[in-house]
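Descriptive structure summary
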Amino acid sequence: MPSEYAKSLGARLRSIRQQQGLSLQGVEEKSNGRWKAVVVGSYERGDRAVTVSRLAELAEFYRVPVSELLPDGSGVRHEPTSKIVLDLERLYDEASEELAYVARYARAIQQQRGDYNGRVLSIRADDLRALAIVYDASPSGLIERLTEHGVLVADPRAFFAS
């Protein structure tokens, strides 16, 4: 009898496969027989245990992060982030190669929003996550870097009060 976790994992695997428009047979064909339909089906039903290495290989095949294959409540947590506020004057004056992508991204956001006050720019959580990917860092790791370079506004309310 499959465990609840095995059933949940299987449901995630099935969901990803179906989102990609693949049948079990389609997985076997697309993988040139590397992934047998009967094996993937048994993973999806929770009838067969999948090893970590096989799960990683499946994630690679589906082109998704391994964490996307894991069921909710599996202990993998997406890092919580909120918006941050960049000091644009410091960012643009800091001619650091390391911050070039942040500066370019900030300019693009300014252009998209039509916001050229030139002093500060709030970066939403989704933007922060995207930038963190570019820097191969976690959002908190990127915040740490930005803080080290002095381009984050520590208390945006104080900045706007001036």
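Residues numbered from 1 in each chain as written. Predicted model: local features only at pLDDT ≥ 70, side-chain atom pairs only at ≥ 80, totals over all residues. Heavy atoms only, no water.

If you look the chain up in an unreviewed UniProt entry, it shows as Transcriptional regulator from Micromonospora craniellae.

**Things to note about unusual backbone geometry**
Residues other than glycine seldom take positive phi values, yet R63 does so here, at roughly 60°. Along the chain, R63 turns up in the loop between α4 (52-62) and α5 (66-69). The phi angle at D136 is positive, at roughly 50°, despite the residue not being glycine. One can find D136 in the loop between α8 (125-134) and α9 (139-148). (Helix = DSSP H or I, 4+ residues; strand = E, 2+ residues; numbered from the N terminus.)

**Observations concerning the confidence of the model for the chain**
The predicted model of the chain averages 83 in pLDDT, with 88% of residues at 70 or higher. In the predicted structure, residues 74-78 sits below a pLDDT of 50 and forms five contacts with residues beyond four places in sequence or in another chain. (pLDDT = per-residue confidence, 0-100. Contact = heavy atoms within 4.5 Å.)

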